[in-house]
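Residue-level structural notes
What follows is the residue order along each chain.
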Amino acid sequence: MRTIQALVVMALWSALFVAIMHFGGFSEHYRNILWALGGAILLIIMLIGNFWIFFAIAKEEPWRWDKSGDSSGDS
């Protein structure tokens, strides 16, 4: 359940950055080197933020072993 919560928060975080870039006019100035570098920096911040959000909220849940199944390896 924590994984789903993390994914929802990550989607909101990403939507915030998309809105900032859209209303900031990045799509209109993509040929200008400074605007392109600024957009790249914002995308890197968004990506690092998404990783941080996922690991902070989901913690160890995505890597827990499912103990309800049979561990003998028989199919």
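Above: the structure in question.
Below is a short write-up of the structure.

Regarding the side chain of Asn50
Here Asn50 is to be found in helix 2 (residues 33-58). Here Asn50 falls in the buried class, since its relative accessible area comes to 11%. Ignoring anything within four residues of it in the chain, the contact list for Asn50 reads Met10, Trp13 and Ser14.

Some remarks on the packing of aromatic side chains
By convention here, two paired aromatic rings are described through the distance between centres and the angle between planes. Enumeration over the complete set of coordinates arrives at four aromatic pairs. Ring centres of Phe26 and Trp35 lie 5.2 Å apart, and the angle between their planes is 75°; on these two criteria the pair is classed as edge-to-face. Residue classification places Phe26 among the buried positions, given a relative accessible area of 19%. For the pair Phe51 and Phe55, a centre-to-centre distance of 6.4 Å together with 25° between the ring planes defines the contact as stacked. Of this pair, Phe51 and Phe55 both sit in helix 2, four residues apart, which is roughly one turn of that helix. On the basis of relative accessible area, Phe55 is assigned to the partly exposed category, the value being 43%.

Definitions and cut-offs
- Residues numbered from 1 in each chain as written.
- Predicted model: local features only at pLDDT ≥ 70, side-chain atom pairs only at ≥ 80, totals over all residues.
- Heavy atoms only, no water.
- Helix = DSSP H or I, 4+ residues; strand = E, 2+ residues; numbered from the N terminus.
- Buried < 20%, exposed > 50% of the residue type's maximum accessible area, 1.4 Å probe, protein only.
- Contact = heavy atoms within 4.5 Å.
- Phe/Tyr/Trp six-rings, centres within 6.5 Å; stacked < 30°, edge-to-face > 60°.

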